[in-house]
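A closer look at the structure
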Amino acid sequence: MLFESRNLEYNHPGQKTLVFPDISLASGESLLVLGKSGSGKTTLLNLLAGLLKPKAGEVVLANKDFSQMKGQEMDLFRGKEIGIVFQKPHLLAALNVKENLQMAHFFSKKKGQDIGQLLAELGLSEKAKSSVLTLSEGEAQRVSIARALANSPKLILADEPTSSLDDENTEKVIQLLKTQAAKIGAALIIVTHDQRVKAHIPNFVEVNPS
Ligand SMILES: Nc1ncnc2c1ncn2[C@@H]1O[C@H](COP(=O)(O)OP(=O)(O)OP(=O)(O)O)[C@@H](O)[C@H]1O
């Protein structure tokens with residue numbers, strides 16, 4: 001398996017212990033994380049991104065357990081191997097579209113995908129030199145997907161990536177995530193409430209409040 005998380009538990013201060021379902025994904029496979037508000041979906045995503053350390057359990061990507069990795073070692077590992085798409089695109093306002101993607105290459109110190117080709121595949125070639133402030137919401141979300149993919153990560157994590165998009169852009173964003181994950185052989189995990197996404201990705205786990 002390319003990616004596995006096992007027996008994960010987490011404690012927010014003063015809260016009940018959250019216990020998570022195990023996940024196991026091969027290269028190119030996609031999975032939805034479903035669950036009620038407050039059940040722990042974002043916490044799970046943060047554990048899978050190495051942004052939080054679990055109280056128990058392990059997270060293994062390409063045979064490496066990174067669940068207890070810290071500091072610079074974790075940042076470097078994440079920069080190389082994990083692409084994250086947030087609910088709202090976090091782009092650098094001072095930079096244009098292409099420069100935002102170049103930053104991802106710069107920080108990961110890894111030769112990733114060709115940026116021109118990636119922009120073309122995401123239908124953004126004409127926006128390469130545009131300020132990110134001038135993009136529509138759908139375009140900005142596609143740029144943030146391009147940025148998450150720029151280093152050809154082995155794991156792509158997306159937190160409610162379609163919640164502010166219309167049907168057409170939702171369809172586009174999900175297809176892009178799926179086809180790009182398959183193309184670069186990554187595992188794809190999407191946290192969502194969005195019924196529209198369930199139609200495209202049948203594989204899911206549910207986080208239940210313990
Ligand atoms: N920093 C924190 N400190 C204390 N408790 C927290 C913290 N972050 C989250 N929690 C609690 O942990 C639980 C899980 O939160 P989390 O954000 O992971 O849920 P979620 O399923 O993503 O919710 P939503 O769908 O509403 O975004 C909730 O009860 C929340 O109040």
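The structure under discussion appears in the preceding block.
Bear in mind that the values here come from a model prediction, so they are computed numbers and not experimental data.

**Description of unusual backbone geometry**
Non-glycine residue Asn7 carries a positive phi angle of around 55°. As for its placement among the helices and strands, Asn7 is situated in strand 1 (residues 3-10). Looking at Asn7, the relative accessible area reads 54%, which means it is exposed. Of note, the phi angle at Asn63 is positive, near 70°, even though the residue is not glycine. Along the chain, Asn63 falls in the loop between strand 5 (56-61) and strand 6 (64-65). The class for Asn63 is exposed, based on a relative accessible area of 74%.

**A short note on the sheet that holds strand 10 (residues 204-206)**
In space, the 5 strands of this open sheet follow the order 7-8-9-4-10, with parallel pairing throughout. Each having just a single partner strand, strand 7 (82-85) and strand 10 make up the two edges of the open sheet. This sheet shows a mean twist of 20° between the axes of neighbouring strands, independent of strand direction. Pairing analysis gives 4 bridges linking strand 7 to strand 8 (residues 155-159), with the strands arranged parallel. Bridge assignment links Ile82 to a residue of strand 8, and that residue is Leu155. Packing against the sheet, helix 1 (residues 41-48) makes contact with strand 4 (30-34), strand 7, strand 8 and strand 9 (187-191), and its axis sits at approximately 155° to strand 8. Along the sheet, helix 5 (residues 137-149) makes contact with strand 7 and strand 8, crossing strand 7 at roughly 170°.

**Focus: helix 2 (residues 71-81)**
Along helix 2, the residues that are buried comprise Met74, Phe77, Arg78 and Glu81. End-on, the buried residues of helix 2 take up no more than an arc of 100°, which puts them together on one face. Of the surrounding elements, those touching the buried residues of helix 2 are strand 5, strand 6, strand 7 and strand 8.

Each value, and the rule that gives it
Residues numbered from 1 in each chain as written. Predicted model: local features only at pLDDT ≥ 70, side-chain atom pairs only at ≥ 80, totals over all residues. Heavy atoms only, no water. Helix = DSSP H or I, 4+ residues; strand = E, 2+ residues; numbered from the N terminus. Buried < 20%, exposed > 50% of the residue type's maximum accessible area, 1.4 Å probe, protein only. Pairing = 2+ DSSP bridges. Axes fitted to C-alpha atoms, helices over the stretch in contact; angles between N-to-C directions. Contact = heavy atoms within 4.5 Å. Arc of directions from axis to C-beta.

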